[in-house]
Amino acid sequence: MTASSDGVLHTLFRTEQGGHEQVVLCQDRASGLKAVIALHNTDLGPGLGGTRFYPYESEEAAVADALNLSRGMSYKNALAGLDHGGGKAVIIGDPEQIKTEELLLAYGRFVASLGGRYVTACDVGTYVADMDVVARECRWTTGRSPENGGAGDSSVLTAFGVFQGMRACAQQVWGDPTLRGRRIGVAGVGKVGHYLVEHLLEDGAEVVITDVREDSVRRVTDKHPQVTVVADTEALVRHEGLDVYAPCALGGALDDETVAVLTASVVCGAANNQLAHPGVEKDLADRGILYAPDYVVNAGGVIQVADELHGFDFDRCKKKAAKIFDTTLEIFARAKNDGVPPAAAADRIAEQRMAEARARR
């Protein structure tokens, strides 16, 4: 790894973003595990965030992703009103090729070695069954199955929260908190996206989808043949008459090229770290596109797994996730008052809560 101004170590110690408190590189030779656990900020409490299992192009890319994701979790947890800081982990490799019980148990031992500073859960490439295995070695594991004392799939409330954020966007732009009659483009209909499609159709929206996995597309179209399918994300963002674009796959969905051709008036989706680089949020604002900060609207899942630590109650969690509607509107009001894009306004509110927690120590 390099310590240059654009390298991973620079990101780790970047003081203008608060820096990271701790990064752990984990290797278990017997199982082949290579993982990164990143803790960004624990002012509000133990770091909480999922475990991503992904075939990164390099180890440096894996570390950089863990750093970015953990920072996002600090802000997400703060705005969700949780007493948790930001943590995230990544396991390097193709889960379909190398995921084994031995590897997951080894990973659980590494998480347990942090003594509760980091609480893990599911993310891309990991599932409820995986967390059940991890939990055999680590009591700081959420997202487990109900049979093992957990809350089950957190994608359900993640999608519900995104839908609430999208309703807030509709209220802000069109004066009515409904997507009825609106054309919504959903990029990625996997874990969260297919649940979001259900909410949108029930609300009377017209839905256009794309996904790199044919089976994910087929799952939606078999149940809802009225849904339109386009070839790829590039076609989706250019789709005529799009009202809302919902990135629900991996991060970096909003780059210079995408923003320049996007036909939608609103961006609101489940993917983490949607802004490819600083400045994209201003480009969206300059084009008159309302952006709902991803870490605000996709917080339903983390609300659910946090509740699991205290005895899970779905109705209680759903009420908390419903408040994403109000939080999103609060951010839009703060953005207008401060004369900044919504992403900057959301950051300010989250940073204020973290600073207040730090001052109380």
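Residues numbered from 1 in each chain as written. Predicted model: local features only at pLDDT ≥ 70, side-chain atom pairs only at ≥ 80, totals over all residues. Heavy atoms only, no water.

Engineer: Could you clarify how one ought to interpret the environment of Val 280 in this entry?
Structural biologist: One can find Val 280 in helix α11 (residues 280–286). On a C-alpha basis, the gap between Val 280 and Leu 254 in space is 7.1 Å, while along the polypeptide they are 26 residues apart. Here Val 280 is in contact with Leu 254, Asp 256, Val 259 and Leu 275, once residues within four sequence places are set aside. (Helix = DSSP H or I, 4+ residues; strand = E, 2+ residues; numbered from the N terminus. Contact = heavy atoms within 4.5 Å.)

Engineer: Sorry, what's going on with the side chain of Gln 164 here?
Structural biologist: Structurally, the position occupied by Gln 164 is in helix α6 (residues 155–174). What makes Gln 164 buried here is its relative accessible area of 7%. In terms of polar contacts, Gln 164 uses its side chain to reach the side chain of Arg 167, at 2.7 Å. In this structure Gln 164 touches Ala 321, Ala 322, Ile 324 and Phe 325, once residues within four positions along its chain are discounted. (Buried < 20%, exposed > 50% of the residue type's maximum accessible area, 1.4 Å probe, protein only. Polar contact = N/O pair within 3.5 Å; in protein donor to acceptor, adjacent residues only side chain to side chain.)

Engineer: Can you walk me through a nonpolar patch on the surface in this structure?
Structural biologist: A cluster of nonpolar side chains, namely Tyr 54, Val 124 and Leu 250, defines an oily patch on the protein surface of about 200 Å² accessible area. Along the chain, the position of Tyr 54 falls in strand β4 (residues 51–54). (Patch = residues over 30% accessible without salt bridge, like charges linked within 9 Å, V, L, I, M, F, W, Y side chains within 5 Å. Areas by Shrake-Rupley, 256 points an atom, 1.4 Å probe, with all protein chains shown as cover. Salt bridge = Lys/Arg side-chain N within 4 Å of Asp/Glu carboxyl O.)

Engineer: What exactly am I supposed to notice about the packing of aromatic side chains here?
Structural biologist: Aromatic ring pairs are reported here in terms of the distance separating the ring centres and the angle at which the planes meet. Under the defined criterion, the tally for this structure stands at three aromatic pairs. For the pair Tyr 54 and Tyr 56, a centre-to-centre distance of 5.1 Å together with 70° between the ring planes defines the contact as edge-to-face. Classification of Tyr 54 by relative accessible area gives partly exposed; the value is 31%. Using a relative accessible area of 13% as the deciding quantity, one classes Tyr 56 as buried. Measuring from ring centre to ring centre gives 6.4 Å for Phe 312 and Phe 314, while their planes differ by 75°; the resulting arrangement is edge-to-face. Under the relative-accessibility criterion, Phe 312 is labelled partly exposed at 27%. (Phe/Tyr/Trp six-rings, centres within 6.5 Å; stacked < 30°, edge-to-face > 60°.)

Engineer: Help me understand the confidence of the model for the chain in this model?
Structural biologist: Regions with low pLDDT carry predicted coordinates that are not meant to be interpreted in detail. A residue-level look at the chain finds 97% of positions with pLDDT of 70 or above and a mean pLDDT of 94. Between residues 1–5, whose pLDDT stays under 50, and residues either more than four places distant or in other chains, the model counts nine contacts. (pLDDT = per-residue confidence, 0-100.)

Engineer: Even after reading the chapter, I still don't get the packing of helix α15 (residues 324–338) against helix α16 (residues 342–359), so can you show me in this structure?
Structural biologist: Two quantities define a packed helix pair, namely the angle between the axes and the distance from one axis to the other. Put simply, α15 and α16 touch, their axes get as near as 8 Å, and they point 105° apart. Comparing their axes, α16 and α15 come out roughly perpendicular. Within the contact between the two elements, α15 uses Glu 330, Ile 331, Phe 332, Arg 334, Ala 335 and Asp 338 and α16 uses Pro 342, Ala 345, Ala 346, Arg 348, Ile 349 and Gln 352. Within the contact of α15 with α16, the residues separate by chemical class into seven nonpolar, one polar and four charged. (Axes fitted to C-alpha atoms, helices over the stretch in contact; angles between N-to-C directions. Parallel < 35°, antiparallel > 145°, perpendicular 65-115°, else oblique. Nonpolar A, V, L, I, M, F, W, Y, C, P; charged D, E, K, R; others polar.)

Engineer: Sorry if this is basic, but what is going on with the nonpolar core here?
Structural biologist: General note: in soluble globular proteins, nonpolar side chains tend to be found buried as a group. Ranked by internal contacts, the top residues of the largest apolar core, which has 63 residues, are Tyr 107, Met 166, Val 186 and Leu 200. Leave out the neighbours within four places in its chain, and Tyr 107 touches Leu 33, Ala 35, Ile 37, Thr 51, Ala 89, Ile 91, Tyr 118, Thr 120 and Val 134. Membership of the second largest hydrophobic core comes to 18 residues, among which are Ala 187, Tyr 245, Ala 264 and Val 267. (Core = buried A, V, L, I, M, F, W, Y, C linked by side-chain atoms within 4.5 Å.)

Engineer: Sorry, what's going on with the pairing of strand β8 (residues 206–210) here?
Structural biologist: Strand residues, when the strand is regular, have side chains that alternate between the two faces of the sheet. Counted residue by residue, β8 has four buried out of five residues, so it is predominantly covered. The pairing of strand β7 (residues 183–187) with β8 spans five bridges and is parallel. For Arg 183, the partnering residue across the bridge sits in β8 and is Glu 206. A crossover links β7 with its parallel partner β8, the connecting element being helix α7 (residues 193–202), and its sense is right-handed. As paired strands, β8 and strand β9 (residues 228–229) are joined by two bridges and run parallel to one another. Across the sheet, Ile 209 pairs through a bridge with Val 229, a residue of β9. (Pairing = 2+ DSSP bridges. Right-handed = clockwise from strand over helix to strand, strands pointing away.)

Engineer: Would you explain unusual backbone geometry in this entry?
Structural biologist: Backbone geometry follows two general trends: most residues other than glycine have a negative phi, and most peptide bonds adopt the trans configuration. Phi at Asn 273 takes a positive value of approximately 50°, unusual for a residue other than glycine. Here Asn 273 lies in the loop between β11 (266–267) and α11. Judged by relative accessible area, Asn 273 falls into the partly exposed class, the value being 27%.

Engineer: For this particular structure, what's the right way to read the sheet that holds β7?
Structural biologist: Two orientations exist for strands paired in a sheet by backbone hydrogen bonds: parallel and antiparallel. Read across the sheet, six strands follow the order β9-β8-β7-β10-β11-β12 without closing on themselves; strand pairing throughout is parallel. Every interior strand has two partners, whereas the edge strands, β9 and β12 (290–291), have only one.

Engineer: Please clarify how α16 should be interpreted in this entry.
Structural biologist: Each turn of an α-helix holds 3.6 residues, which means side chains three or four residues apart point in the same direction. Over its 18 residues, α16 extends 26 Å from the first C-alpha to the last, a length consistent with the 26 Å expected when each residue adds 1.5 Å. Among the residues of α16, Pro 342, Ala 343, Ala 345, Ala 346, Ile 349, Ala 350, Met 354 and Ala 357 are the ones counted as buried. (Expected span 1.5 Å × (residues − 1).)

Engineer: Even after reading the chapter, I still don't get the pattern of salt bridges, so can you show me in this structure?
Structural biologist: A side chain of one charge can pair with a side chain of the opposite charge when the charged atoms of the two come close. If you walk through the whole model with that rule in mind, you get 21 salt bridges. Of the charged contacts in the structure, one is a salt bridge between Asp 65 and Arg 52, with a shortest N-O distance of 3.6 Å. With a gap of 13 residues between them, Asp 65 in helix α2 (residues 59–79) and Arg 52 in strand β4 connect regions that are remote in the sequence. Accessibility expressed as a relative area gives 17% for Asp 65, which makes it buried. We classify Arg 52 as buried; its relative accessible area is 8%. Residue Asp 338 pairs with Arg 348 through a salt bridge whose shortest N-O separation is 3.1 Å. Separated by 10 residues along the polypeptide, Asp 338 in helix α15 and Arg 348 in helix α16 bring together distant segments of the chain. Within this structure, Arg 52, Asp 65, Lys 88 and Asp 123 form a network of salt bridges that share partners.

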